[in-house]
Structures are given as C-alpha cells and as structure tokens.
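Residue-level structure breakdown
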Amino acid sequence: MTKKIFLSLAASVFLTAALAAQNQSAGVERYGLYIGSNNGGKNQERLLYAGTDAIAFQKIMTEIGGISKSNGILLLDPSKEDVDNAFEIISGLMQKNNKDAKRSEFVFYYSGHSDESSLILGKSKYDYSSLKASITNVPSDVHVVILDSCYSGNFIRTKGGSKQKPFLVDDSSVVKGHAYLSSSSSQEASQESDEIGSSFFTNAMINGLRGAADSSGDKKVTLNELYSYAFNETLSKTENTADPQHPNYNITLVGSGDLVLSDISAADCVLTISRELEGRVIVRDKNGKLVSEVNKSSLAPVYLALEEGQYGVTVIGERATLQGNFMLSPQKSYTLATANLSPIARAETRSRGDEPEAQESASQEAAQDFQPVEIPFIFSFVNNEIDKVPGETISARISLALIRSCLYEVNGPMFSLCGNETTILNGAQIGYIYNMARNVNGAQVAGIFNMSEKMTGGQAAGIFNLTQDLTGGQAAGIINFGQNIEGVQGAGIANIAQAITGIQGAGIANAAETVTGLQGAGIANAALGDVTGIQGAGITNFALGNVTGVQGSAIANVACGNICGVQGSAIANIALGDIKGVQVGLFNFCKGNASFQLGLINYSRNGVFEFGASYTTDEKVRLALNSGNKHLYTVLGAYINPNNHDAKTNTKNATAFFGLGSRIEVWKFNFDIEAMINEVFIVNMSEPDAKKKVTTMAYPSARVAVGFTPIKHLNIFAGFSMALETSENSKAFIGHKRNMVINAGSSTLYPEFDFGIKFSAN
C-alpha cells in the first residue's frame, strides 16, 4: 500500500513538472512586420533614416523582443500590395504555429511618410481605416502597432528557426487586446535627426527597449514603461524645434499584469550602470555613433542590452563630467562605476558678478518658464530699444513708434510710421513701411509690406504680404507671398504660395506649389505641384503636377501630370500624363492615355489621330481628319468638287464638315459610325468681284465605314454615307452632282459610297 502511494505521488510530481515544463516552453509566440519607407512619392522629400530605423527595430526585437527571425518580415520602400502580402504571410504563420502557445502577439512597426488619413508608400497609399482592419484581421491575441510618421496620431483616432529562450511567462500571459503608439499627434509632423542618424521617436523606442525605460529595475521593459520613456525623450529632444512632438497612445488590453516588450536578461551582452552613478549617461560605439542615452538617478542600477564591441561613455553629472571606455563580450556582464571613469574639464560660462549656480539656475528658469515684464504703454520718437533686453521679455498693451517698435508680446494695437516688430501679436499691427511679427493672432496692415512667421487672422498691404503659415486671409494691392496658406489669398496683381488649402485669387496671376481648393486669376495660374479642386484663369493655366478637378481658361491649359476631371479652354489643352475625364478645347493634346477629348483636333496615345482621302461615287474627293478617343472622336474635313459650278444659278460652292464618330476594332478591322454637319459656302458669280456675297447653308449626314489595317499606320477603307435634303436646306444641294437619289415624301436622301486610304500617327 505504501509502495502504491509513493508511486502515485512520484507520478503526480513528475506529471506536474512535465506540464510546467511544457507550459514554460510554450510561452508566447510573437510575430513582427517592420516597414521602412523613405520614398514618400513625387511631392514628398525623401527621408534618410526610415529604412535604417526599421532595420534597427527589427534587430532589437529579434535580440531581446522575443520575435525570431522566422517570425518577422522586413519591408523597405514597399507598395500597398507588398504590405497586404506580408499580412497574409504573417496570418498563415500564426495559424500554423500557434497550436501550443499560450497566446500570440503581433507587432506592427512603420517608419516613413504619412498624411492625415493614410500611410504614404511611394506612389501608393494605405488609408488608416483599411490598415486598422488589416491589422485586426491578423489572428493574434494582442496587436501592438507602432507608427513613426507625420500626423500618425490620426490612426489612433480612426515553424523553423533555432530554439528560442522561454519568453514572457508571467502574469500578463492572459492579456488580450491592442496597443497603438504613434510618434506624434494628429496635427504634428515627426522628425528625424542627422546627429543621431534616426528619428527621435524610434531612437527613444530602441533606447527604451534596450533598458533605458526599465524604471522598475527588473530587467524587463513593459509597454507602459516604454511609452512613458519614449514620450518624455521625444518631447524633450523636439520641444525646441519648430514642431515639438507629443507621442500618442491608445491601449485597450484586458487581463492581469502588464505587457512585456523586451527582456534585457536575454541579451548576449549586458551593461550594468551602477547605483552610485547619476546624471546623463551617453553611450557611443567605436565609430562615435550614439547608442543609448539614459537619465540615471542614484536610486537603483540600470541594465542595458547592447551588442558585442568597444564603447565609449560620458556621464554628465550635476558637478562633474566623467568619461571612459569599456568592452562588451558575449555571455558577460560589465558594470560601469565611478572607478572605471575619469573626470574631464568642462567649459562653464557665466555673466560678470554671477555665481555659477545662480547663473545656471537663472538660465534654466528663463529657458523653461519666463514671464515677460508687462508695460501698459511704450512710446518712442525714434526707436524702442526693447529688442536689446535679453530674452525679449518685455510685453505691452500698446506700442507706438515713429521709426521702430520691437517687443516680445503685444496684446493690442501697434502703430509705426516706418515699422513694427514683435514675437507675439494679439491685436492689430499698422505701419507705413512694414510690419514684422513671428506669431500673429489678429490683423496686420502696412503701406508697404507685412511679414509674419505664423498668422491667424487677416494680413493686408499696399505693396505685398509675406508669411510662412497663414490661417485666414491675406490681401495686397500688388503681391502676396505665403508658404502654407489655409484660407484666402487675394491680390490686385499676383499671389505666390507653396501650399494652398482654400482660395488663391489675383487680378493678374497666381503661383503655388500645390493647390487644394480654388486657384483663380485674371491672366494666368501656375501650380508647380498638384492641383486638387479648380484652377481657372482668363488666359492660361499651368500645373506641373497632377490635376484632380477642373482646369479651365480662355486660351490654354497645361498639365504636366495626370488629369482626373475636366481640362477645358477655348483654344488649347495640353496634358503630359494620362486623362481620366474630359479634355475640351479647339485643340487638345494628351501625351498619355485619355478617356475623352472634345475639340477640332485631338491627340492622345491611345486615341485616334489619322488623315484620310477617298473618292466618292458622286465624283468628289473627301478629305478628313479623325482625332480623339476611339469611343468618341471628332471628324473635321472638306469635299473637293471639280464640278462645283451651277450654270442655272451661276454659283459656285465649297463644303466643309464637322462631326463626331465612334469606332469598334476587331483584330485588324475597324468599324466606324459618324454623324456630321456639312456647311456649304455658296458664292454668286454674277456679281462683280468686289460685291460677291458668300452665303452658307448646312445639312446633316450620317456615315458608316469599314477599314482594314494591313500594316501599322496604313488603313484601307470603304464608306457609305447618307445626306438629308429638306425644304429648308435645299439650296445647299445646288451645283452638287448626285448619282443616287431616294425620295422620301417631303425630304430627299442622297446615298453615296467612298473608297480610300488613311494614315495614322498611332
């Protein structure tokens, strides 16, 4: 009995241990898709580090992030189709490998260009709603999405391989849901830096995953630790730039515990920064490239997962700066302590009479949170020397100067006979010569010109306006110039802008790089990029990029890119790309493929452009030019009639015709059907030359033809036409020889055959 109990207990212990071992080995199965896209398409500046950021992120996740090489896919400058294929491959791997895993996790990382609604993948886009659906369709328990791109906050608001170490076996193993992290808010740009050779956000993420974000000191970096670290580091590195970044998040995870993203103890080489060291710890590789930056306190040691190699380190403390070098070898840990470092001299500067600590404290206070000194009223006959005050810390409710005013902030009007200058203006600025402000909330008025860096409100000048970012209205008697315009830009002579979202209107001309909205001028419009909306001018329009919408003018339109919409003018239209829409004008030219062209003469690569000559059964020569789309082309031609003199009426006639046709092609045969208006010009020969009068009369006709193309550019055809005579147009048929006549009551039909050849340019 005792033996049976012993065997039973032993079996139970063995089974429990086996199950535990099985559970431990299963762990978490994690997969990753890493995308780096430097190419943002035609109108985007090419990035330098998006691809290397994706490679670096894949490397860190493979080393200590629990994603094996076989479970990860790296895409560099992919198309949307490449990304969709990668989603399918990842989903297939999960369905194949996840039978024994506690849970599966999917990490999606993207670095590159984006706009308010989509990722920009070269010439293609992946809109956020479709991307979110594709990510959700990946059959994993947890989805972690990391987007390092401009305006990425909008996404938040809308078997094989070597054996891996057990990973993430803790109380978070029941977690399910998603976590979305973005490098910036919905209205902010994301930045990369030449100094660190990376984007600020991805650099912070990788440093955090290596251990800089491990605030608990347990050698594991959790999702919340990583986001908190990346937020603070990204903001601190960009807050003094033109576009500070505020990373965003949306974390919806259900379960106990936190989600561990990296395990520092799994690294081959670990650097331990001892408890005694404190300050800014900067680690660089042997080539001087920044590897990690840590703000270290003296409360606990910090562990960093690094690669094998030689490193240099600098520790910037409150009172001293230390430097040293160390070597990391596989399976060994190195402890960085004060004894391993040497102090170096550092340059300190201070104003005369100030103590170093007081100087440093004052500069930090001024840089972080200075309050400008407020003066109710400032007046000077010649010059307000307020700009000479350090930090531009003087503000005023009102400023008046005969020559010049220069303040930090004005909450009210500024008047000057020659000029005003301010950093922040909340009110109105008026000057006879010029106004200058960095940020304007209100109105600027000048007799000569206005200048501002960021403008919200109205800007008007007798000569010209100059602003970088404008939200509101800009008006000038002569010229307007703006970098980014959201609103209205209007001038008596000309407008110049880099990007227009709204209306750009001028009496003479407009020039913009990209237009979204309306660009209208009395003479000409020029868009050096794309036009989305309407581009209309009295004389001519020019678009160097694509046109989506309407391009219309009285004389000519030129689009160097594609057209999706309408391009219309009274004289000529030129498109160097493809046309998905209609091109309307006397002369239409499309270097690419065109949907429809309506005009006297049309040309497109996929269309009809041919000249033909034929001889008719009524003993006339028919000359015709067919041009336009195969489904709808125009016919322009004339009849040469040797017997065009009518002895009874002593008149001569000549006939020209214009019409529309449609063509069906089968192998080398073509079948045409055409409808035309024939205009007959009748000259009375009885009158003296000086008094000869030309009268006109028109009649309709229809025509069908069959052609055969034995060789390229040559077509042999036969046609059959029918002209209609009524009592109202009978004079049009005087002097015309008709060999076939069909009487149809009050009307007469004149059948006619013709045979000839055509020469085609396509």
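Basis of the calculations
Residues numbered from 1 in each chain as written. Predicted model: local features only at pLDDT ≥ 70, side-chain atom pairs only at ≥ 80, totals over all residues. Heavy atoms only, no water. Helix = DSSP H or I, 4+ residues; strand = E, 2+ residues; numbered from the N terminus. Areas by Shrake-Rupley, 256 points an atom, 1.4 Å probe, with all protein chains shown as cover. Expected span 1.5 Å × (residues − 1). Buried < 20%, exposed > 50% of the residue type's maximum accessible area, 1.4 Å probe, protein only. Pairing = 2+ DSSP bridges. Axes fitted to C-alpha atoms, helices over the stretch in contact; angles between N-to-C directions. Right-handed = clockwise from strand over helix to strand, strands pointing away. Salt bridge = Lys/Arg side-chain N within 4 Å of Asp/Glu carboxyl O. Contact = heavy atoms within 4.5 Å. pLDDT = per-residue confidence, 0-100. Lys, Arg positive; Asp, Glu negative; His and termini not counted. Polar contact = N/O pair within 3.5 Å; in protein donor to acceptor, adjacent residues only side chain to side chain.

Considerations on the overall build of the protein chain
The secondary structure content of the protein chain amounts to eight helices and 52 strands. As presented, the protein chain carries roughly 36400 Å² of accessible surface, and 59% of it is formed by carbon and sulfur atoms.

Comments concerning helix α7 (residues 223-238)
End to end, α7 covers 22 Å across 16 residues, agreeing with the expected 22 Å (1.5 Å per residue, within 8%). Among all positions of α7, only Leu223, Glu225, Leu226, Tyr227, Tyr229, Ala230, Glu233, Thr234, Leu235 and Thr238 are buried.

Describing the pairing of strand β44 (residues 621-628)
On any regular strand, side chains alternate: one points to one face of the sheet, the next to the other face. Burial analysis of β44 places six of its eight residues in the buried class, which makes it a mostly covered element. Both strand β43 (residues 608-616) and β44 contribute to a ladder of eight bridges, which runs antiparallel. The residue bridging Ser614 from the neighbouring strand is Arg622, located in β44. One ladder, built from eight bridges, connects β44 with strand β45 (residues 633-640); its direction is antiparallel. Note on β45: the bridge partner recorded for Asn626 is Val635. From the end of β44 to the start of β45, which pair antiparallel, there are four residues.

Description of the sheet that holds strand β13 (residues 269-273)
Two pairing modes exist for strands in a sheet, parallel and antiparallel, and in both the strands are linked by backbone hydrogen bonds. Strand order in the open sheet formed by three strands is β16-β13-β19, and the pairing between neighbours is mixed. What marks the edges here is a single partner per strand, and that holds for β16 (302-306) and β19 (332-336). Averaged over all adjacent pairs, the angle separating strand axes in this sheet is 25°, with direction ignored. Relative to β19, β13 runs parallel, the two being bridged by five bridges. Each bridged residue has a counterpart across the sheet, and for Cys269 the counterpart in β19 is Lys332.

Considering the pairing of strand β2 (residues 72-76)
Sheet topology note: the strand β1 (residues 28-37)/β2 ladder contains five bridges and is parallel. Residue pairing in the sheet places Ile35 in a bridge with Leu75 of β2. Read as a crossover between parallel neighbours, the route from β1 over helix α2 (residues 50-64) to β2 is right-handed.

Description of the sheet that holds strand β14 (residues 279-285)
Pairing is antiparallel in the open sheet, where five strands are placed in the order β15-β14-β17-β18-β20. Taken across any chain shown, the strands that pair with only one partner, and hence form the sheet edges, are β15 (290-296) and β20 (342-344). Within this sheet the neighbouring strands show an average axis-to-axis angle of 25°, counted without direction. Here β14 pairs with β15 via six bridges, running antiparallel.

A short note on the pattern of salt bridges
Going through the model one piece at a time under the given rule, you end up with 20 salt bridges. Close ionic contact of Arg663 with Asp672 constitutes a salt bridge, the shortest N to O distance being 2.8 Å. Like Arg663, the residue Asp672 is buried in the burial classification.

Some points on the environment of His631
With respect to the helices and strands, His631 occurs in the loop between β44 and β45. By relative accessible area, which is 58% here, His631 ends up exposed. In contact with His631, other than residues within four places in its own chain, are Gly661 and Ser662.

Section: the confidence of the model for the protein chain
Put simply, the protein chain has an average pLDDT of 80, and 83% of its residues get 70 or more. Note on residues 385-392: pLDDT is under 50 here. Beyond four places in sequence and across chains, it has 10 contacts.

Observations regarding the side chain of Glu225
Along the chain, Glu225 falls in helix α7. An unpaired buried charge is present at Glu225: no salt bridge exists, and Lys220, the closest side chain of opposite charge, is 10 Å distant. Within the structure, Glu225 has its side chain in polar contact with the side chain of Ser215 (distance 3.1 Å). Filtering out sequence-adjacent residues up to four positions away, Glu225 remains in contact with Ala213, Asp214, Ser215, Ser216 and Lys220.

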